[in-house]
Amino acid sequence: LRGSRARRVLRGAAMLKAAGFARPEPLGVAECRVLGAIRASYVISEALDDARIMSQVVLAGGRRYFLRRCQTLGAVAREIRRLHDAGIYTLDLQETNLMLAGGDDAGRKVRFVDLEDFRRARIVSERRRMLNLVHLDRTIGRFLPRTQRLRILFTYVGGHPDPAQVRRSVDCFFALRNRAQRRARQHR
């Protein structure tokens, strides 16, 4: 009903391009069909030679580069906020799906990959926003202490917003995260 994986990748790439977000450019698509049913689909996209996975950039240099790490996490949080404000969200936001390019922290570019899971909504609900942040937290959380993970949330919310708004967002975030952790433990 939803079409092939390759078709969803092309749709996600077009959606991100129209909204002005960085992503690898799809160059070619192939589908294997048997009796009209799609058995496999392939996408060839541009190489991201200058980009690295988020955790590799954040952890580069160890503890000595705290300020650079904070700036990088802030850039990621602002780009995710911009994505949600544009009415786009993803079903699979994890640190391996965010590629960071650019040498200096001020000009660092966040590129979204795994394009098949992007969806459009008129307004991205707070629950979907927090689910995206929970997914990111569950993958980057292996590498960062809690204070730096909260920095992503606070930067996403807007730095120093109203304390009541922060409390609501933090409560929603931790409720969703705890629910996801309970589900993961049940499936083990």
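For the structure, check the block above.
Cut-offs applied
- Residues numbered from 1 in each chain as written.
- Predicted model: local features only at pLDDT ≥ 70, side-chain atom pairs only at ≥ 80, totals over all residues.
- Heavy atoms only, no water.
- Helix = DSSP H or I, 4+ residues; strand = E, 2+ residues; numbered from the N terminus.
- Rg over C-alpha atoms; globule rule 2.2 N^0.38 Å.
- Buried < 20%, exposed > 50% of the residue type's maximum accessible area, 1.4 Å probe, protein only.
- Contact = heavy atoms within 4.5 Å.
- Areas by Shrake-Rupley, 256 points an atom, 1.4 Å probe, with all protein chains shown as cover.
- Lys, Arg positive; Asp, Glu negative; His and termini not counted.
- Charge placed at Lys NZ, Arg CZ, Asp CG, Glu CD.
- Axes fitted to C-alpha atoms, helices over the stretch in contact; angles between N-to-C directions.
- Parallel < 35°, antiparallel > 145°, perpendicular 65-115°, else oblique.
- Left-handed = near helix turned anticlockwise from the far one by under 90°.
- Pairing = 2+ DSSP bridges.
- Nonpolar A, V, L, I, M, F, W, Y, C, P; charged D, E, K, R; others polar.
- Salt bridge = Lys/Arg side-chain N within 4 Å of Asp/Glu carboxyl O.

1. Overview of the overall build of the protein
If you tally the helices and strands in the protein, you get 6 helices and 7 strands. Sequence-ordered secondary structure for the protein, helices as α and strands as β, is α-β-β-β-α-α-β-β-β-β-α-α-α. By the compact-globule yardstick of 16 Å for 188 residues, the protein fits well, its C-alpha radius of gyration being 18 Å. When its C-alpha atoms are laid out on the principal axes, the protein stretches across 55 × 40 × 35 Å. Residues classed as buried in the protein amount to 42% of the 188 residues present. Sequence separation of 24 or more characterises 67% of the internal contacts of the protein that already satisfy a separation of 6 or more. As displayed, the protein offers around 10800 Å² of accessible surface, 51% of which is attributable to carbon and sulfur atoms. On the protein, the mean spot of the 39 positive side-chain charges and the mean spot of the 18 negative ones are 6 Å from each other.

2. A word on the packing of helix α3 (residues 66-85) against helix α4 (residues 126-140)
Between α3 and α4, the shortest axis-to-axis distance is 11 Å and the interhelical angle comes to 150 degrees. By the angle between their axes, α3 is roughly antiparallel relative to α4. Crossing of α3 over α4 shows right-handed handedness. For the pair α3 and α4, contact is made by Val76, Ile80, Arg81, His84 and Asp85 and by Arg129, Asn132, Leu133 and Leu136, respectively.

3. Focus on the sheet that holds strand β6 (residues 109-112)
Spatially, 3 strands are ordered β3-β5-β6 in an open sheet, and the strand pairing comes out antiparallel. For this open sheet the edge positions go to β3 (51-53) and β6, each flanked by a neighbour on one side alone. Adjacent strand axes in the sheet meet at a mean angle of 35 degrees, parallel and antiparallel pairs treated alike.

4. Description of unusual backbone geometry
We note that aspartate 114 has phi near 60 degrees; this positive angle belongs to a residue other than glycine. Relative to the assigned elements, aspartate 114 resides in the loop between β6 and β7 (118-120).

5. So, the packing of α4 against helix α5 (residues 146-157)
For the pair α4 and α5, interaxial distance at closest approach is 10 Å and the crossing angle is 155 degrees. Our classification of the angle between α4 and α5 gives roughly antiparallel. Between α4 and α5 the crossing geometry is right-handed. Within the contact between the two elements, α4 uses Arg129, Met130, Leu133, Leu136, Asp137 and Ile140 and α5 uses Arg149, Ile152, Leu153 and Tyr156. Residues of the contact of α4 with α5, tallied by class, amount to 7 nonpolar, no polar and 3 charged.

6. Brief notes about the pattern of salt bridges
Counted according to the given criterion, the structure contains 9 salt bridges. One continuous salt-bridge network, built from bridges that share partners, spans Arg5, Arg8 and Glu116.

Purely spatial values, then, with no claim about function.
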